[in-house]
Amino acid sequence: MSLSVRRAIARALFVPACLLVVIAPSARGQQDAGNKQQDWSPRDVLAKETYVKPPAQIERLVTAPRQNNVSLSNQSPDRKYFLKLQSEGLPSVQSFGKPHFYFAGLQVDYRANRARVLTTRGSAGIEVIDASTGQSRAIETPKGATVSSPAWSPDGAKLAYIANFDDASRVYVADLASGKSHQVAASPLLATLVTNIDWTADGKSVVAVLVPDGRKAAPKRPEIETGPIVRMTDGKKNKTRTYASLLRDDWDRDALEYYSTGQLALIDVKSGAVKKVGAPAMIFAFDASPDGKWYRVTLMQKPFSYIVQYQTFGQVEQLWDDAGKMVAELVKRPLRETDAQDDQQPGASPGAARNGADTVRRNFGWMPNGTGLYFLKQDPAPARNAAAPDDSIGGDTPRGPGGNTPRRKDRLVQWMPPFDASSQKVLLESDNRIGSILFSDDAKMVFVGENTNGAGLVYAKYFDEPAKRYTIWRLRGINANVAPARGGFGGGGGARGGTGDDSLTFYQNPGNLMSRRGKLGGPVALISSDGQYAYLEGLHFAKTWEKQAPRGFVDKVEIKTGKKMPVFEGGTDSFETATAALDDDFNKFIVVRESPKQVPDAYLRDKSGQMTKLTSNKDYTPEFTNLQRRRIWVSRADGYRFLVNLTLPSDYKEGTRLPGMFWFYPYEYTDSSAYQRTLRTQNVNQFPNAGPRTIEYLATQGYAVANFDPPIMGSQGRMNDNYVSDLQNNLIAVIDELDRQGFIDRQRLGIGGHSYGAFSTVNAMVHTPYFKAGIAGDGMYNRSLTPTGFQSERRDFWEGQKTYLEMSPFLSADKLSGALLMYHSLEDQNTGTDPISSIRMMHALTSLGKTASLYMYPYEDHGPATKETILDQWARWTAWLDVYVKNAGKKAVKETAQVP
């Protein structure tokens, strides 16, 4: 059992025995959960101390096999196939309950020497889908193992993946033609920090991190503690988040080093021969050169810390040769023990931290043609002129009275073997800081994204034309980013930008530069076969977004003129997006289409516009799809307007007043236009996606479900000063409007939310009298337990004490109206929602004689995931609402149960 579970259970055991608390499943409980559900009895369900199930209709919605639907992703290098990882649906509590450790945020399945996520989230198998026909076939995978991290060989003929057995993770390679797989190395993986494998460009070898040969036994925690836990400060201010798991003592430090120290190795796919690269080390990440002769290796370094998580421990990025000898140190990042962005050490000159941080070499990568590395590096900022405004330093305009401070040059540099000072070559120079780059496959040109003075710029640079650059697009208010999107299709820039009050350029989205996999494995720009055109893809949003859906588009842009020609634009009767090209000239590409009644399906579109359906996905929850949906504008007394999404039973008749359930999550804004801008990406043609925890399922049980994100308004830096009054105004506005339109019975209302929504739910119940019941999950109810900030609140407790206290429903627990159901994950890793908050809130409500319950779920994180937990939560939720909302005023439920 993990340390955090032991601690949480120990804390829970100190709550009074009269609380209704579910702490861990018994064997009898797991057996009961598998039995057929008997007659629905809400009162019995609420008191059960084993896993229970909800009404059959809810259970069917939660467990619907939607994972069987096909989404064409992870395209092969030859663009002939796509991969589909087979899922068995919701994971089980058995897999989540396997023993694991927490090391400053790193979750380790120590028995199998891997990150816990590979144990809990592995896939059941792999399918290969033909891009032209949609036909699929299964790849053979080893029995008794889940699979993860699939990686195509450069020619697309093979597939490497990690096979996760109970006691180890191993490298397997599948032959696409035969569908057969084989293990390629006897040694198991050390897959704690590194959870991927990589190919060399010739397709003969894979690179991985293995368990070191002859590794000593794991450190063993002493049976008897050897001393106190010691923490000390050094007198400096050091604001950090309230992390859920931190290193505790020497044993934790030793164990973290043990489970993160692995052997980098080059493995021959055919023979299984292993070539060790260097000595075992705490390898955080690696990136092998296409020829497998050089390695960029990032190492985690000591000293470790007791106050921050492992991602901010010291790191050094080095360049190794194929023997593991360090050739160069690329970047060194010291241990960072603060979350503040502008903290400086005493005595440091103004701007020293900033100038030092942004002049190091950055954005390293392998040249796509195999000729060494590339990186970006900017000149240091000039010395600060006291007469100049601070925000002019490093900008693009002269500063100082009549002065002309030189601009800071930024450079793209190619660095070739043997990687010494004399083997560097400047490929391009810019007066602005370069945000991102994307090469052509032959590395003869590059696309560049820059953002200066609020404008985004994308341009092309041919290296044989040093004096020229060709603008692809430039727009104010749009962010330019040509880095490839995850999966290699599309770039990052221009998709959903917009910074002004009107953000008119948001509706002129130029699109993302598209990419594909290069010949040597890395991402490169998608360029037409004649070399003259690139492609931009994205969404065009409508100003009339309430009635008109966004439309996916692809434009062909002439690189040297910037002239655009449309290749594809989605229709108006459905939502369509282009997701993958099957050739460089966009003669054939994949389009995904969906509508409010049609589940997303993939089609092959040719240059004539003909569409061939490739997938036959199914709506597994038609009763959810057929629910009635309304979008209702609500106006507060102070004039602020916001949107409520209302879901009603499929057979709802106008004027019928239903018990209402509000599910909400407030957000902070400085003005109404900031809230309005969040709505314009909404899609009226989107298929109503459903997941295991979709709250609208309650509409099938006879509720009117209102889901909304009400605005909290305030000045910059003080947005939460009006939290309580805005919360009250928001809720009465929603109740009044839904009551006026005849949807709800305002005498039968429930409210709920998760995380910050849970916090706001309890606030609603202590500051308003409107709700008969509440559901609050994984929340924080005492803001003094998050003293250095939360959500968008950047003041600490001592700077904004009045606001912190007013926003803490724990301090007003005596004013709670209605019956409160709380649930909390015992291994909640979210910063700021420690389970102690729910435990102490329950203690307070018990002391005050309030109607409440608390259910605590083992092995779960901030977002519950296992089938047993999710079904149990739905059972408790529906039972709680049935008793206290739907049947409000009837015979009261027995409010407490003894914990044996």
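Residues numbered from 1 in each chain as written. Predicted model: local features only at pLDDT ≥ 70, side-chain atom pairs only at ≥ 80, totals over all residues. Heavy atoms only, no water.

This paragraph deals with the overall build of the chain. The secondary structure content of the chain amounts to 15 helices and 47 strands. Put simply, of all contacts in the chain between residues at least 6 apart along the chain, 61% involve residues at least 24 apart. Total accessible area computed for the chain in this model is approximately 38900 Å², and 49% of it derives from carbon and sulfur atoms. (Helix = DSSP H or I, 4+ residues; strand = E, 2+ residues; numbered from the N terminus. Contact = heavy atoms within 4.5 Å. Areas by Shrake-Rupley, 256 points an atom, 1.4 Å probe, with all protein chains shown as cover.)

Moving on: the sheet that holds strand β38 (residues 628–635). On the basis of which strands lie adjacent, the open sheet formed by eight strands has the order β38-β39-β42-β40-β44-β45-β46-β47 and mixed pairing. Looking at strand neighbours, the two that pair on one side only are β38 and β47 (852–857), the edges of this open sheet. Strand after strand, the sheet turns through a mean of 20° between neighbouring axes, direction not considered. Here eight bridges tie β38 to strand β39 (residues 641–648), and the two strands are oriented antiparallel to one another. Bridge pairing in β39 places Gln 628 opposite Leu 648. Those strands touched by helix α14 (residues 836–848) are β46 (819–825) and β47, and its axis lies near 155° from that of β47. Running at roughly 170° to β46, helix α15 (residues 867–886) makes contact with β40 (658–664), β44 (744–754), β45 (773–777), β46 and β47 of the sheet. (Pairing = 2+ DSSP bridges. Axes fitted to C-alpha atoms, helices over the stretch in contact; angles between N-to-C directions.)

What follows covers the pairing of strand β19 (residues 326–333). Relative to β19, strand β18 (residues 315–321) runs antiparallel, the two sharing six bridges. Across the sheet, the residue bridging to Trp 320 is Met 326, located in β19.

This brings us to α15. Residues separated by three or four positions in an α-helix point in the same direction, a consequence of the helix having 3.6 residues per turn. Under the 1.5 Å per step criterion, the end-to-end length of α15 is 26 Å for 20 residues, consistent within 8% with the ideal 28 Å. Here α15 lies mainly inside the structure; 18 of its 20 residues are buried. (Expected span 1.5 Å × (residues − 1). Buried < 20%, exposed > 50% of the residue type's maximum accessible area, 1.4 Å probe, protein only.)

Right, let's get into the confidence of the model for the chain. The predicted model of the chain has a mean per-residue pLDDT of 89, with 88% of residues at 70 or higher. Scored below 50 in pLDDT, residues 341–356 shows 14 contacts in the model against residues more than four places distant or in partner chains. Across residues 893–900, where pLDDT falls below 50, the model places 20 contacts with residues more than four positions away in sequence or in other chains. (pLDDT = per-residue confidence, 0-100.)

It is worth spelling out the pairing of strand β33 (residues 564–569) at this point. Sheet analysis places strand β32 (residues 551–558) next to β33, joined by five bridges and oriented antiparallel. Looking at β33, one finds that Val 557 is bridged to Lys 564. What sits between β32 and β33 in their antiparallel hairpin is a turn of five residues, with Gly 562 showing a positive phi close to 80°.

So, about the pattern of salt bridges. Under the counting rule described, the total for this entry stands at 45 salt bridges. Residue Lys 53 is joined to Glu 59 by a salt bridge in which the shortest nitrogen-to-oxygen separation is 3.4 Å. A residue is classified by how much of its surface remains accessible, and Lys 53, at 21% relative accessible area, is partly exposed. Between Asp 638 and Arg 636 there is a salt bridge whose closest N-O contact spans 2.7 Å. Since its relative accessible area comes to 42%, Asp 638 is described here as partly exposed. Put simply, Arg 221, Glu 225, Arg 248, Asp 249 and Asp 252 are held in one network by salt bridges that share partners. (Salt bridge = Lys/Arg side-chain N within 4 Å of Asp/Glu carboxyl O.)

Another point: the sheet that holds strand β24 (residues 434–439). The sheet built from four strands is open, its strands ordered β24-β25-β26-β27 with antiparallel pairing. A single partner strand is all that each edge strand has here, and the edge strands are β24 and β27 (470–476). Between one strand axis and the next, the sheet turns through 15° on average, direction left out of account.

This next bit is on the environment of Asp 814. Within the element layout of this structure, Asp 814 appears in the loop between α13 (801–806) and β46. The sequence separation of Asp 814 and Lys 850 amounts to 36 residues, and the corresponding C-alpha distance is 8.1 Å. For Asp 814, the residues in contact, after removing those within four places along its chain, are Leu 848 and Lys 850.

The next point concerns the packing of helix α11 (residues 723–740) against helix α12 (residues 756–767). The geometry of α11 relative to α12 is characterised by a closest axis approach of 10 Å and an angle of 80° between their N-to-C directions. In this view, α11 runs roughly perpendicular relative to α12, as classed from their interaxial angle. Within the contact between the two elements, α11 uses Tyr 723, Val 724, Leu 727, Gln 728 and Leu 731 and α12 uses Tyr 756, Phe 759, Ser 760, Asn 763, Ala 764 and His 767. The class makeup of the residues in the contact of α11 with α12 is seven nonpolar, four polar and no charged. (Parallel < 35°, antiparallel > 145°, perpendicular 65-115°, else oblique. Nonpolar A, V, L, I, M, F, W, Y, C, P; charged D, E, K, R; others polar.)

Moving on, we come to the nonpolar core. Grouped together as the largest cluster of nonpolar side chains are 61 residues, with contacts concentrated most on Phe 662, Phe 708, Leu 731, Leu 738 and Met 822. For this core, the element with the most residues is α11, which contributes eight residues. Counting residues in hydrophobic clusters, the runner-up holds 40 residues, among them Leu 46, Leu 627, Met 661 and Val 885. (Core = buried A, V, L, I, M, F, W, Y, C linked by side-chain atoms within 4.5 Å.)

Here we come to the environment of Leu 85. Within the secondary structure, Leu 85 sits in strand β2 (residues 81–86). Judged by relative accessible area, Leu 85 falls into the partly exposed class, the value being 34%. In this view, Leu 85 contacts Ser 123, Gly 125, Ile 126, Val 147 and Pro 150; residues no more than four positions away in its chain are not counted.

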